[in-house]
Each structure stands twice: as structure tokens, then as C-alpha cells.
Amino acid sequence: MSAGREGTREPAAAPKAGRPRDPGIEERVCEAARAVFADDGWAGFGFNQVARRAGVGKNALYLRWNSPQDLLLQALDIAPAWDKIVRSGSVRNQLIDFGVTMLDAYMGPRGMAVLRMFIEANVRPELFEAYWRSVVEPSLDRARNIVLAGIDRGELPVDTDYGDLLDLVHGAVVSRVLVGRHDRRRKNVSRAEAVEYMTRIVDRILCTPTGVTSTH
């Protein structure tokens, strides 16, 4: 099964004259899709449920997405967040920006929906495979490029294990997200707090040779 084939959309039908589309409806529907999936999983996910949560007509969803799966994959896509990550500067600053971006993405409703996706991976392997190929793999490629560029510039040792390094950064993000969700005193993490946290994490990782270099 190919996520690319599943994610291919037919061209959306042109809107009827005199009834322009609401420019904000797509993001509103995506927000509702994340919330429905986080609450009810795939068993409770469909155009009817999402349209009801978003407060829009069901036909608006049929005009934009071929299937509930296509809608969910778009709602979970973090490409827009990745596009905000700096493309130049030191590997240190780019890794900090990567961590801050992930914190921002996962602390919101998307985070709970992503957690649900991993929980249901064994129950809905075809859905998880589509999610992995269309959302996770492109993100991993971008993260790897940050590390590989740092190696090419001589900022990291040539034997740096980019998988281990990114695991450490991403693990710190997931840990903060999970702990933060269970700390009722902390509903949100400000950008300044996120930057401070990720700066400490990245500096510790980069200053620990065993944390970034291969032992093989």
C-alpha cells in the first residue's frame, strides 16, 4: 500500500457562483479533525463527526478531501511548522529551533492526535503506514539534513550518529510534552521557556561526545 496513492486528491470542485468559500474553513476543519481523532480514535472518526465538531456542512469536506484518511493526514502534517525552521546558521541553533518547533506542534491538539496514532498503530497498520510515509518520513529527512550539514561544515564529528542525536532531541521534546500534559499547573509553554529548555538540552547533547558519535 502506498501512502502517496492514498493521499492523492482529485481536483476540488469549483465553488458555485455567488457562494465564495470561507478562507478559514480548512484550518477549522483540520482543528476539528485533530480533536475528534484524539478523543475517539479512528473508530469514531469520519466526515460526519468532524463536520459536526467544526460546525460546517458535510459537503464542505467532500469538496476538499477524497476520504477521512486524507483529511486526517493533512490535519497531522507538520510541514507548515517545519517551514518556519531556520535554514542557515549553526547546527546548534537549528537543532534548538527544531526542538522549539516540535514543542509548539506537540503541546497543542496535534500532539494528542499523534499520540493516538501511535497507540492505534497495531490496530490500524494501514493508517499508520500512510501517516508514517506522508508525515513522519519527510520530517525525518529534514532533521537528518540539519545534522548532515553540520557534519559537512565541521561542526560535528564525522562519525556523528545522526539517529542517536535526533533521538535525544526528540526524546526531550516528548518527555516535556507528556510531563507537561499531566501538570495541571502548566497549561502552556511560552516560546521563551521552550527556547530556554531546548537550549539546555541541545548544549548538553553537543557537549557529550558519547551522545552524538557512533560507537560502531
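Structure first, text after, so check above.
In this text, all values refer to a predicted model and were calculated from it rather than measured experimentally.

Of all hydrophobic cores here, the largest spans 61 residues; its most connected members are Leu-61 and Leu-71. Apart from residues lying up to four places away in sequence, Leu-61 is in contact with Val-29, Phe-47, Val-50, Ala-51, Val-56 and Leu-71.

Along its length, helix α9 (residues 125-152) shows its largest kink, about 40°, at Trp-132. Listed as buried for α9 are Leu-127, Phe-128, Ala-130, Tyr-131, Val-135, Val-136, Ser-139, Ala-143, Ile-146, Val-147, Gly-150 and Ile-151. Directly beyond the C-terminal end of α9, a positive phi value near 85° is found at Gly-154.

Among the secondary structure elements, Gly-99 is positioned in helix α7 (residues 91-107). For Gly-99, a relative accessible area of 0% corresponds to the buried category. In this structure the C-alpha to C-alpha distance between Gly-99 and Val-202, which are 103 residues apart in sequence, comes to 8.7 Å. When neighbours within four sequence positions are excluded, Gly-99 is seen to be in contact with Val-169, Val-173 and Met-198.

Across its 16 residues, helix α11 (residues 191-206) extends 22 Å between first and last C-alpha, which sits within 8% of the 22 Å expected from 1.5 Å per residue. Among all positions in α11, only Ala-194, Tyr-197, Met-198, Ile-201, Val-202 and Ile-205 are buried. Buried positions in α11, seen along its axis, are confined to an arc of 125° and lie on one side of it. In this structure, α11 carries Ala-192 and Arg-204 as exposed residues pointing more than 90 degrees from its buried face.

The grouping of Met-112, Leu-115, Ile-119 and Leu-178 at the surface amounts to a nonpolar patch, some 340 Å² of accessible area in total. Here Met-112 lies in helix α8 (residues 109-119). Using a relative accessible area of 33% as the deciding quantity, one classes Met-112 as partly exposed.

We now examine the environment of Glu-26. By the element assignment, Glu-26 lies in helix α2 (residues 25-40). By relative accessible area, Glu-26 is classed as partly exposed at 32%. Taking the C-alpha atoms as reference points, Glu-26 and Leu-71, 45 residues apart in sequence, are found 9.7 Å from one another. For Glu-26, the contacting residues outside a window of four places in its chain are Arg-64, Trp-65 and Gln-74.

Glancing now at the packing of aromatic side chains. Per the stated rule, a full pass over the model turns up 7 aromatic pairs. An angle of 80° between the planes, with centres 4.8 Å apart, marks the rings of Phe-47 and Tyr-62 as edge-to-face. Of the two residues, Phe-47 is situated in helix α3 (residues 47-54) and Tyr-62 in helix α4 (residues 58-64); the sequence distance between them amounts to 15 residues. The partly exposed category is assigned to Tyr-62, whose relative accessible area is 48%. Ring plane angle 85° and centroid distance 6.3 Å describe the contact between Phe-118 and Tyr-131, whose orientation is recorded as edge-to-face. Pair noted here: Phe-118 is in helix α8 and Tyr-131 is in helix α9, with a separation of 13 residues, a long-range link. For Phe-118, a relative accessible area of 41% corresponds to the partly exposed category. You can call Tyr-131 buried: its relative accessible area is 3%. Between Arg-176 and the ring centre of Tyr-197, over which it is positioned, the NZ or CZ distance is 3.9 Å.

Our focus in this paragraph is the side chain of Asp-161. You can see Asp-161 is positioned in the loop between α9 and α10 (162-182). Despite being buried, Asp-161 has no salt bridge partner; Arg-144 is the closest side chain of opposite charge, sitting 9.0 Å away. In terms of polar contacts, Asp-161 uses its side chain to reach the backbone amide nitrogen of Asp-164, at 3.1 Å.

Cut-offs and rules
Residues numbered from 1 in each chain as written. Predicted model: local features only at pLDDT ≥ 70, side-chain atom pairs only at ≥ 80, totals over all residues. Heavy atoms only, no water. Core = buried A, V, L, I, M, F, W, Y, C linked by side-chain atoms within 4.5 Å. Buried < 20%, exposed > 50% of the residue type's maximum accessible area, 1.4 Å probe, protein only. Contact = heavy atoms within 4.5 Å. Bend = angle between axes of the 7 residues up to and from the residue. Helix = DSSP H or I, 4+ residues; strand = E, 2+ residues; numbered from the N terminus. Expected span 1.5 Å × (residues − 1). Arc of directions from axis to C-beta. Patch = residues over 30% accessible without salt bridge, like charges linked within 9 Å, V, L, I, M, F, W, Y side chains within 5 Å. Areas by Shrake-Rupley, 256 points an atom, 1.4 Å probe, with all protein chains shown as cover. Salt bridge = Lys/Arg side-chain N within 4 Å of Asp/Glu carboxyl O. Phe/Tyr/Trp six-rings, centres within 6.5 Å; stacked < 30°, edge-to-face > 60°. Lys NZ or Arg CZ within 6 Å of the ring centre and 35° of its normal. Lys, Arg positive; Asp, Glu negative; His and termini not counted. Polar contact = N/O pair within 3.5 Å; in protein donor to acceptor, adjacent residues only side chain to side chain.

None of the figures reported here should be taken as evidence of function without further support.
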